[in-house]
Amino acid sequence: MELATGFESISRDGWRALAVEVLRKSGIETESPEEALSTATYDGVTVAPLYDLDDLPGDPGLPGEAPYVRGARGTPGWDVRQRHAVADPEAVLADLENGVTSLWLVVGDGAIPVDALEDVLKDVYLDLAPVVLEGGDRVREAAEVLFGRGSGVRGNLGASAVDGPGLELARRCVDGFPGLGAVTVDATPYHDAGGSDAEELGCSIARGVAELRALTDGGLSVEQALGQIEFRYAATADQFATIAKLRAARRLWARVAEVCGVTGGSAAGSAAGSAAGSAGGSAAGTAGHGGQRQHAVTSSAMMTARDPWVNMLRTTLACFAAGVGGAEAVTVQPFDACLGLPDAFSRRIARNTQALLLEESGLGRVIDPAGGSWYVERRTADLAERAWAWFQEIEAAGGITRAAGLVSDRIAATRARRADDIAHRRLPITGVSEFPNVHEKPVRPPTPAPAAPETGGLPRIRYAEEFEALRDLADAQPERPTVFLATIGPVAAHTARAAFAANLFQAGGLDTETAGPGADPEQIATAFAVSGASVACLCSTDKLYAQHAAAVATALRKAGARKVWLAGKGEYEGVDGNLYAGCDALAVLRETFDDLEVTR
C-alpha cells in the first residue's frame, strides 16, 4: 500500500540537505543537521531530530510475551489506583463508586492508624478492589487486617524482604493468598531526590535484585519470588521519557528473570549472583514470571504549589504516558497535593483524569500504541542500556544497600545539573518560572500534608521550590517589591523586551511598573522616582539602546536607582547587568531582592 502516493519520496540525505539550508538561513552554519538539532538527556541519551527504520534496535516482541517491552499483559487498559493517607471511609467509597478500581493506603504514624484500617475497608470488596499498602514499620500489623479478610483478597502488602518482614509475609501469601504480593520496590524516592530516568531505573532493578535475593535465600523459588514483587515508578509530563522508561524497566526486569532461570528453578545463589550480567538478548522466563508488575505514580517533583491548576495538565500528560507506556496501575496525584490534604474536588478531578483517558480517549482499548515508533523504540533501548550499566555499577559496589553513598552522590550531581537548567529557565516551569501570575489568589488555605513515602535518607525536592520560596518572600512583605521598567521608544519597540523582563521579575513575586512610550531620559527618571522603586531595567531595541541607553541609565542613577539592568545584551555606561534568554534568573532575582532590601 502506497501511503504517500503522489508525493516525491525523500531519503535521509535529502532531508539533511534541506535541513542544512534552513539552518543556514537561521544563521547556523553546519554540515550535520543531526548534530545541530539533537539534544541530550541527563543520562546522555541523544534525542535526534529525525528517526527512520534504521534506528529500530531489534524486535521488541509481542504484548504479554518476553521481553515484555510491549507490556507484561496481553490486554489493554490499566488499574485506576487512588492513594489515601487519612482514615476516611466515605472518601474511599466515593472513589470506588466513581471509577477507582484499586486502593493505595498509607498506614502508620501521621497516616491511617492501624486500628482504623478495618473501618476504612469495612464496605470494600477486597476480591474486586485490590489494596496496596504502604505501612512502614507497621506493615506487619496492617497486613494482618488484609489476611483476616480471607484468601480472596488481592493487592500488595508493600513490605521489604531486605530490611523488613517481607519474607515472612511472602511465605504466607504464597501459602494461602494467591492474589497478594508482599514486596513493593518503590523507585519514586530516587526520582523525587532529583535523579534521572536511568538512575531511577538502575536503582529500582538493584533494589529488586536485593529483594529477589532475600526471598530466594529464604526458601522461595525464583518463580514464587518474582510473583511477590511489584515496582513503583514516577510518571512525568515528559511523555516520551515516561513511555520509554516504563518500557525499558520491563526489558531490564525480564533480563533479570532470564539470568535467574525462572523456567529452570535455579538456586538462589545463582539467581542473585548472576543478575548483573549482560543486558543483551531476550528474556526466556515464563510469561507472567518475568513480566514486571508496574505501578506508575504522577511525579511529586514536577508539581507546583503556585498556579496549581496547571498541575492538572501535568498529571494528565503523565497519566497518558503511563498508560501508553504499559503500567498496570496508575495513580494520578490530586492537583493540590503540594498544598496539603487533597479535598473531594481535587480527588474527583484526579480519578476523572484517568476515566477520560481510558474511556473517552480510548487509551484503554489499545495495547502499546507507541510500539513500532522508530523514536520510542530507539529511546527505550538507549535508556535500558544506560540504566543497566548503572545497575551493574551498583552491583559492583556491593548492591543497593552498600552503594548508598554512590547512589546519593550520583543523584546529587544530576540534581545539581537539573537545578542549574531550572535556574536558567532552560527547563521552564509554567506558572512559576514562566508566565507567573504575581497577583494569584490562593486555591485554598494550606492544610497538614498527608504522609509522604519513605526516602531512605534521600532528599525530597520539587523543581519549582526555589522560585516559589522567592514568591513567598515577596508575598510576605508589607508592600509588594517593585522593579521599574524603563521602556525606551514607541510601544512596538519596547514591548517584547519589557514583557520578557516583567516575566522574569514576576517569577520571583516582584511587581513591575513601566515608564510608557518615550525616550526622554528626564521623563523616564521622573516616572522612576514616582514609582518608588529602587531597581530599574532598560527595555527597548538594540538600535535605540545605542542612542539612549547610557543617558537613560545615568538619569536613573541620579534619581536614586541602586541597580540598572538592561533587557538584552550589550555594555553601556551606567548599566550593571543584562537580562537575556538563558541568564541565571534565580541569581538575578536574589540580587534584586538584596538591592530592594527585602526583609528575609
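Everything quoted here is computed from the prediction, not taken from an experiment. Starting afresh in each chain, residues are numbered from 1 along the sequence in its written order. Per-residue local features of the predicted model are confined to residues with pLDDT of at least 70, and side-chain atom pairs are confined, for both listing and counting, to 80 or more; whole-chain, interface and lining totals are unaffected and use all residues. With hydrogens and water set aside, each side-chain value is computed from the structure's full complement of heavy atoms.

Here's the deal with the overall build of the chain
The secondary structure listing takes helices from DSSP runs of H or I that are at least 4 residues long and strands from runs of E that are at least 2 residues long, numbered from the N terminus. Of the regular secondary structure elements, the chain holds 20 helices and 15 strands. Computed over its C-alpha atoms, the radius of gyration of the chain comes to 28 Å, within 12% of the 25 Å expected for a compact globule of 600 residues. When its C-alpha atoms are laid out on the principal axes, the chain stretches across 85 × 65 × 50 Å. Buried residues in the chain amount to 53% of all 600 residues. Note that the radius of gyration is over C-alpha atoms, with the globule rule given as 2.2 Å times the number of residues to the power 0.38. Using a 1.4 Å probe on the protein chains alone, a residue whose accessible area is under 20% of its type maximum counts as buried, one over 50% counts as exposed, and one in between counts as partly exposed.

Observations regarding the UniProt feature "domain: Methylmalonyl-CoA mutase alpha/beta chain catalytic" (unreviewed entry) in the chain
On the UniProt side, "domain: Methylmalonyl-CoA mutase alpha/beta chain catalytic" (unreviewed entry) is annotated at positions that read residues 173-258 and 293-447 here. Helix and strand shares over residues 173-258 are 65% and 16% respectively, and the end C-alpha atoms of the span are 24 Å apart. Split by type, residues 293-447 is 49% helix and 5% strand. Its first and last C-alpha atoms lie 34 Å apart. UniProt positions are given in the numbering used here, feature names are shortened, and annotations may be inferred rather than shown by experiment.

Some thoughts on the sheet that holds strand β15 (residues 577-579)
A strand pair is defined by DSSP finding two or more bridges across the two strands. With parallel pairing, the 5 strands of this open sheet are ordered in space as β12-β11-β13-β14-β15. Looking at which strands have only one partner, the edges of the open sheet turn out to be β12 (511-514) and β15. Averaged over neighbouring strand pairs, the angle between their axes works out to 30° when direction is ignored. Sheet topology places strand β14 (residues 563-567) next to β15; 3 bridges connect them, and they run parallel. Across the sheet, tryptophan 565 pairs through a bridge with glycine 577, a residue of β15. By the convention used here, residues are in contact when the closest approach between their heavy atoms is within 4.5 Å. Axes, fitted as lines to C-alpha atoms, cover a helix only where it is in contact. Angles between the N-to-C directions of the axes lie from 0 to 180 degrees. Contacts from helix α17 (residues 491-506) reach β11 (482-487), β12, β13 (535-539), β14 and β15, with the element oriented near 170° to β11.

Some points on the pattern of salt bridges
In the sections that follow, a salt bridge refers to a side-chain nitrogen of Lys or Arg positioned within 4 Å of a carboxyl oxygen of Asp or Glu. This model, assessed by the stated rule, comprises 43 salt bridges. The shortest N-O distance in the salt bridge between arginine 83 and glutamate 134 comes to 3.8 Å. Placement of the pair is arginine 83 in strand β3 (residues 79-84) and glutamate 134 in strand β5 (residues 131-134), with a sequence separation of 51 residues. Here arginine 172 ties to glutamate 144 by a salt bridge, and the two come within 2.5 Å at their closest N and O atoms. Placement of the pair is arginine 172 in helix α6 (residues 166-176) and glutamate 144 in helix α5 (residues 139-147), with a sequence separation of 28 residues. The exposure class of glutamate 144 is partly exposed, given its relative accessible area of 37%.

Side note on helix α20 (residues 585-595)
Looking at α20, one finds that the buried residues are Ala585, Leu586, Val588, Leu589, Thr592, Phe593 and Asp595. As used in this structure description, the phrase polar contact means that two N or O atoms lie within 3.5 Å; if the pair is within protein, one of them must be able to donate a hydrogen and the other to accept it, and residues adjacent in sequence are counted only when both atoms belong to side chains. The opening residue of α20, the one whose side-chain oxygen lies 3.3 Å from the backbone nitrogen of leucine 586, is aspartate 584. The positive-phi residue at the C-terminal boundary of α20 is glutamate 597, with phi of around 55°.

Considering a nonpolar patch on the surface
Nonpolar side chains (Val, Leu, Ile, Met, Phe, Trp, Tyr) within 5 Å and like charges within 9 Å form the patches, drawn only from residues with over 30% relative accessible area and no salt bridge. Per-residue accessibility takes into account occlusion by the displayed protein chains alone, with areas from the Shrake-Rupley method and a 1.4 Å probe. Among the surface-exposed residues, Leu53, Leu56 and Trp374 lie close enough to one another that they form a single nonpolar patch of about 280 Å² accessible area. If you trace the backbone, tryptophan 374 turns up in helix α14 (residues 374-396). The exposure class of tryptophan 374 is partly exposed, given its relative accessible area of 38%.

Observations concerning the domain arrangement of the chain
Each domain's extent was defined by an automatic or database domain assignment. By domain assignment, the chain separates into domain 1 (12-40), domain 2 (79-263 + 287-396) and domain 3 (477-596). The distance between the C-alpha centroids of domain 1 and domain 3 comes to 37 Å.

Points about the pairing of β13
Counting buried residues in β13 gives 5 out of 5 residues, a clear majority hidden from the surface. Of the two faces of β13, both are covered, the one formed by Val535, Cys537 and Cys539 as well as the one formed by Ala536 and Leu538. The sheet contact formed by β11 and β13 spans 4 bridges and is parallel. Opposite alanine 486, over in β13, you have leucine 538 as the bridge partner. The pairing of β13 with β14 spans 4 bridges and is parallel. Bridged to valine 535 within β14 is lysine 563. At this point the chain moves from β13, through helix α19 (residues 542-558), to the parallel β14, and the crossover so formed is right-handed. For a crossover, the right-handed case is the one in which the path from the first strand over the helix to the second runs clockwise, viewed with the strands pointing away from the viewer.

Things to note about the packing of α5 against α6
Remark: α5 packs on α6, axes separated minimally by 11 Å, with the N-to-C direction vectors making an angle of 10°. Of the possible angle classes, the one that applies to α5 and α6 is roughly parallel. Taken together, the residues of α6 that come into contact with α5 (itself represented by Arg140, Ala143, Glu144 and Phe147) are Glu168, Leu169, Arg172 and Cys173. Three classes are used, and their members are as follows: Ala, Val, Leu, Ile, Met, Phe, Trp, Tyr, Cys and Pro are nonpolar, Asp, Glu, Lys and Arg are charged, and the others, Gly among them, are polar. Class assignment of the residues belonging to the contact of α5 with α6 gives a composition of 4 nonpolar, no polar and 4 charged. Any angle that is under 35 degrees is reported as roughly parallel, and any over 145 degrees as roughly antiparallel; angles of 65 to 115 degrees are reported as roughly perpendicular and all others as oblique.

A word on the sheet that holds strand β8 (residues 229-235)
In spatial order, the strands read β3-β4-β5-β6-β7-β8-β9-β10; together these 8 strands close into a barrel with parallel pairing. Taking each pair of neighbouring strands and ignoring which way they run, the sheet shows an average axis angle of 30°. As judged from the 3 bridges shared by strand β6 (residues 155-159) and strand β7 (residues 180-186), these two strands associate in the parallel manner. Considered in β7, the bridge of glycine 155 is made with leucine 180. Packing against the sheet, helix α3 (residues 89-97) makes contact with β3 and β4 (102-106), and its axis sits at approximately 165° to β3. Helix-sheet contacts for helix α10 (residues 239-259) involve β8 and β9 (294-298), and the interaxial angle to β8 is about 160°.

With respect to α5
For α5, the set of buried residues is Val139, Ala142, Ala143, Val145, Leu146 and Phe147. Elements in contact with the buried residues of α5: α4 (114-120), β5, β6, α6 and β7.

Side note on the nonpolar core
If you look at the biggest cluster of nonpolar residues, it comprises 152 residues, and the most contacted ones within it are Phe505, Leu538 and Leu556. Two domains each put at least three residues into this core: domain 2 (79-263 + 287-396) and domain 3 (477-596). Not counting residues up to four positions away in its chain, the partners in contact with leucine 556 are Phe484, Ala486, Ile524, Ala525, Phe528, Ala536, Leu538, Ala561 and Val564. Side-chain atoms within 4.5 Å are what join buried Ala, Val, Leu, Ile, Met, Phe, Trp, Tyr and Cys residues into a set we call a nonpolar core.

Overview of the state of the cysteines
For the purposes of this analysis, a disulfide is any pair of cysteine sulfur atoms at a distance within 2.5 Å. Considering all chains together, one arrives at 0 disulfides under this definition. Free cysteine cysteine 338: the closest other cysteine sulfur is in cysteine 319, separated by 18 Å. On the basis of relative accessibility, which here comes to 27%, the residue cysteine 338 falls in the partly exposed class. With no disulfide of its own, cysteine 539 lies 4.2 Å from the sulfur of cysteine 537, the closest cysteine sulfur.

Quick look at the packing of aromatic side chains
One pair of aromatic rings is described through two measures. These are the centre distance and the angle between the planes. By convention, a stacked pair of Phe, Tyr or Trp rings (six-membered ring in the case of Trp) has centres within 6.5 Å and planes under 30 degrees apart, an edge-to-face pair has planes over 60 apart, and any other such pair is tilted. According to the stated counting rule, one finds 10 aromatic pairs in the structure shown. Aromatic side chains phenylalanine 147 and phenylalanine 177 sit 4.7 Å apart centroid to centroid with 40° between the ring planes, which places their arrangement in the tilted category. Taken together, the residues span a long stretch of sequence, with phenylalanine 147 in helix α5 and phenylalanine 177 in the loop between α6 and β7 at a distance of 30 residues. Taking the relative accessible area as the measure of exposure, phenylalanine 147 reaches 6% and is therefore buried. What makes phenylalanine 177 buried here is its relative accessible area of 12%.

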